[in-house]
Amino acid sequence: MNAVALRIGPDALYDLVAKVTFFAFFVFGPVWKFLETMFGFPRVNVSAIYLLCTVILLFLLLIKAAFSPRKLQGRPVFVAIVILLLWVLTIQIVQFFSLLQQVDWWTVLRYFSNTGVAPILLTLLGKWYAENEAQVVRTVQFSWYSSTLIYIFSYFYIGQDFHREIVEASVYLTLSDCYAIVSLLLMVSVRSQAKAVGFLVISFWVLFFLNSRFSFIAFVFACMAVIFVRNKLAAIAMALLAVMALFLLGPFLVDILGPEHRMVRLFLFENDSSLSGRMVLFRQELEFLRSNWVLGRYMYDVVATGLTGNYAHNYMSFLSAYGVGPALGLVCVIIASLSTGVRQALHEHHVQAILAVLCFCLLGIIAARSYLYPYIWFALAALASMRFSVLDDGKAN
């Protein structure tokens, strides 16, 4: 009985809930929304599930603190991330009730789910992942296999209209981002080169048909970054091969998939309506910044235009939403994380997985995603919580 009691202690219970939460956030939530919109599955409020998981994890964290406060200690960079997150949350909470007078409560709660609940949840998951990297592999594998099978089956079941229907359902961005992150964690953590190549090819193909051009390109760049860390010559060779494949396969894919396919537009050097729309939003963002850059204005896009999504698709929107203080804090945290992570990634295999995810997320906040994009918190918290040891590679081999 005592042995059983020890197994269900605070640490084991936290680990179990974290595994379930990881799967819920990166697989169940996006996949279920996909099934809802594409196949008419019953609606599930996944935001409520994320909130419940966050509350449970925080509660268990307090219990762990009561039993063993030392286990909650973090490196200075992680402490800085927590302070930055609290700063951002404070701005949101201070403006919450005034926003309810200008924006409907459902929209406010939907935004807060992305900018408040998700960052807390992902910061907790990032720290948990870094401290339990060896034990998390099975969770990552199960997550990848589950989502891959569902997406591949759905693609062949729906057929040629898959690319159009998934875009119309407006779920492809979340699906692609979550799938790319899980794929990077799995692929980079695999020691067998043959398996890694197999995972790469399958993930590459699935991401192509999930229709997010950014996720597809950023995934390729993140993989290149890891290959460059491991073998610079191989990375240069693969980059050249990728460019050659772009020119050779482009016309072939255009003929098969048709010029209206979103991904095919990567090979058509023509005006792109999506890119044109983002340039309009970028210029509009410059106007927003004139009045918001000092202190920020949370949900400024909805307040100013009455519509959601009217923000620049990069982290200029973070500056508009929270002001210059948190924006500079985020830049400092990123620089501090990279300065340590890149150096350690040269020697330690497990750091490379998180570095790949951070590269993917950085490309997102620079070129394609707004302040509602929460995944950067997972990458930063994980990299800041990694236990660095030059003996890790030798022990693993």
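Residues numbered from 1 in each chain as written. Predicted model: local features only at pLDDT ≥ 70, side-chain atom pairs only at ≥ 80, totals over all residues. Heavy atoms only, no water.

Undergrad: Before we go on, may I ask you to explain the nonpolar core in this structure?
TA: Soluble globular proteins tend to pack their nonpolar side chains together in the buried interior. Formed by 114 residues in total, the largest nonpolar core has its most connected members in Phe26, Tyr129, Leu185, Phe360, Tyr371 and Phe378. The contact partners of Phe360, leaving out residues within four places of it in the chain, are Asp177, Ala180, Ile181, Leu184, Phe214, Ser215, Ala218, Phe219, Ala222 and Tyr373. (Core = buried A, V, L, I, M, F, W, Y, C linked by side-chain atoms within 4.5 Å. Buried < 20%, exposed > 50% of the residue type's maximum accessible area, 1.4 Å probe, protein only. Contact = heavy atoms within 4.5 Å.)

Undergrad: Hey, could you run me through the packing of aromatic side chains in this one?
TA: Remark: the centre distance and the inter-plane angle together describe each pair of aromatic rings, the angle taken between the planes. Following the criterion strictly, the structure yields 44 aromatic pairs and no others. When the centroid spacing of 5.6 Å and the interplanar angle of 45° are considered together, the rings of Phe214 and Phe360 count as tilted. With Phe214 in helix H10 (residues 213-230) and Phe360 in helix H16 (residues 349-367), the pair connects residues that are 146 residues apart, well separated along the chain. Both residues of the pair, Phe214 and Phe360, belong to the buried class. For Lys64, the ring lying beneath its charged end belongs to Tyr14, and the centroid distance is 4.4 Å. (Phe/Tyr/Trp six-rings, centres within 6.5 Å; stacked < 30°, edge-to-face > 60°. Helix = DSSP H or I, 4+ residues; strand = E, 2+ residues; numbered from the N terminus. Lys NZ or Arg CZ within 6 Å of the ring centre and 35° of its normal.)

Undergrad: It is not clear to me how unusual backbone geometry should be interpreted in this structure. Could you clarify?
TA: Most peptide bonds are trans, and most residues other than glycine sit at a negative phi. If you check the backbone angles, Asn211 has positive phi at about 80° while not being a glycine. If you trace the backbone, Asn211 turns up in the loop between helix H9 (193-210) and H10. Unusually for a residue other than glycine, Met299 sits at a positive phi of about 60°. Following the sequence through the fold, Met299 ends up in the loop between helix H12 (273-292) and helix H13 (300-305).

Undergrad: Just to check I follow, could you spell out a nonpolar patch on the surface for this structure?
TA: Side chains of Phe97, Leu100, Trp105, Trp106 and Leu109 sit close together on the surface and give an oily, nonpolar patch of about 550 Å² of accessible area. In terms of residues, the nonpolar patch owes the most to one element, helix H5 (residues 105-131), which gives 3 residues. Take Trp105: it is sitting in helix H5. (Patch = residues over 30% accessible without salt bridge, like charges linked within 9 Å, V, L, I, M, F, W, Y side chains within 5 Å. Areas by Shrake-Rupley, 256 points an atom, 1.4 Å probe, with all protein chains shown as cover. Salt bridge = Lys/Arg side-chain N within 4 Å of Asp/Glu carboxyl O.)

Undergrad: Honestly, the confidence of the model for the chain in this entry has me stumped. Any pointers?
TA: When pLDDT is low, close inspection of the predicted coordinates is not appropriate. Averaged over every residue, the pLDDT of the chain is 84; residues scoring 70 or more account for 87%. Between the elements of the chain, mean pLDDT differs from a low of 40, seen in helix H18 (residues 392-396), to a high of 94, seen in H5. For the stretch residues 1-6, pLDDT sits under 50, and the model shows 0 contacts to residues farther than four places along the chain or on other chains. Counting interchain partners and residues more than four positions distant, the pLDDT-below-50 stretch residues 390-397 has 10 contacts. (pLDDT = per-residue confidence, 0-100.)

Undergrad: Just checking my understanding: could you explain the layout of surface pockets for this structure?
TA: Space left empty within the atom packing is revealed by a probe, the size of a water molecule, rolled over the atoms. When its volume is computed, the largest pocket comes out at roughly 1600 Å³. Forming the boundary of the largest pocket are 47 residues, of which Arg110, Asn114, Ser170, Thr174 and Leu372 lie nearest the centre. For the lining of the largest pocket, the element with the highest residue contribution is H5, accounting for 10 residues. Here the residues of the lining of the largest pocket are counted per class, giving 26 nonpolar, 13 polar and 8 charged. (1 Å grid on protein atoms, 1.4 Å probe; cavity = no way out; pocket = protein on both sides within 12 Å on 5 of 7 lines; lining within 4 Å. Points joined across faces, edges and corners; volume = space filled by probe spheres on them. Nonpolar A, V, L, I, M, F, W, Y, C, P; charged D, E, K, R; others polar.)

Undergrad: How should helix H8 (residues 172-189) be read in this particular structure?
TA: The α-helix advances 3.6 residues per turn, and as a result positions three or four apart in sequence lie on the same side. The terminal C-alpha atoms of H8, which comprises 18 residues, lie 26 Å apart, in line with the 26 Å expected from a rise of 1.5 Å per residue. Within H8, 16 of the 18 residues are buried, which leaves it mostly tucked inside the rest of the structure. (Expected span 1.5 Å × (residues − 1).)

Undergrad: Could you clarify how one ought to interpret the side chain of Ser215 in this entry?
TA: Inspection of the secondary structure puts Ser215 in helix H10. Under the relative-accessibility criterion, Ser215 is labelled buried at 0%. Reaching out from Ser215, the side chain makes a polar contact with the side chain of Asp177 at a distance of 2.6 Å. Leaving out residues up to four positions away in the same chain, Ser215 has contacts with Ser176, Asp177, Leu207, Phe360 and Arg369. (Polar contact = N/O pair within 3.5 Å; in protein donor to acceptor, adjacent residues only side chain to side chain.)

Undergrad: Got a minute to help me understand the packing of helix H2 (residues 10-39) against helix H6 (residues 133-158) in this structure?
TA: Between two packed helices, the angle of one axis relative to the other and the distance separating the axes together describe the packing. In contact at an axis separation of 9 Å, H2 and H6 are set at 10° when each is read in the N-to-C sense. With respect to H6, the element H2 is oriented roughly parallel. Where H2 abuts H6, its residues Lys19, Phe22, Phe23, Val27, Val31, Phe34, Leu35, Met38 and Phe39 lie against Gln135, Thr139, Val140, Phe142, Ser143, Ser146, Ser147, Ile150, Tyr151, Ser154, Tyr157 and Ile158. Grouping the amino acids of the contact of H2 with H6 by side-chain chemistry returns 14 nonpolar, 6 polar and 1 charged. (Axes fitted to C-alpha atoms, helices over the stretch in contact; angles between N-to-C directions. Parallel < 35°, antiparallel > 145°, perpendicular 65-115°, else oblique.)

Undergrad: How should helix H4 (residues 76-99) be read in this particular structure?
TA: Between its first and last C-alpha, H4 extends 34 Å over 24 residues, near the 34 Å set by a 1.5 Å rise per residue. Every buried residue belonging to H4 is among Val77, Phe78, Ile81, Leu84, Leu85, Val88, Leu89, Ile91, Gln92, Gln95, Phe96 and Leu99, and all of these are buried.

Undergrad: Looking at this structure, I do not really get the environment of Asn114. What am I missing?
TA: When you line up the elements, Asn114 lands in helix H5. Judged by its relative accessible area of 30%, Asn114 is partly exposed. When neighbours within four sequence positions are excluded, Asn114 is seen to be in contact with Pro119, Leu372 and Pro374.

Undergrad: How do you make sense of the pattern of salt bridges when you look at a structure like this?
TA: It is possible for side chains bearing opposite charge to pair when their charged atoms get close. In the structure shown here, the tally under the stated rule is 6 salt bridges. Note that Lys19 is salt-bridged to Asp15, the shortest N-O span being 3.4 Å. With Lys19 and Asp15 both in helix H2, this residue pair falls 4 residues apart, about one helical turn. With relative accessibility at 26%, the residue Lys19 sits in the partly exposed group. Glu36 is paired through a salt bridge with Lys33; the nearest N and O atoms lie 3.3 Å apart. Taken together, the positions of Glu36 and Lys33, both in helix H2 and 3 residues apart, correspond to about one turn of that helix. When its relative accessible area of 23% is taken as the criterion, Lys33 is described as partly exposed.

Undergrad: Help me understand the packing of H5 against helix H17 (residues 375-385) in this model?
TA: Contact geometry of H5 with H17 gives a least axis separation of 7 Å together with a crossing angle of 30°. Between H5 and H17 lies a crossing of right-handed hand. For the pair H5 and H17, the contacting residues are Pro119, Leu122, Thr123, Leu125, Gly126, Lys127, Tyr129, Ala130 and Glu131 in the first and Tyr375, Trp377, Phe378, Ala381, Ala382 and Ser385 in the second. Looking at the contact of H5 with H17, its residues break down into 10 nonpolar, 3 polar and 2 charged. (Left-handed = near helix turned anticlockwise from the far one by under 90°.)

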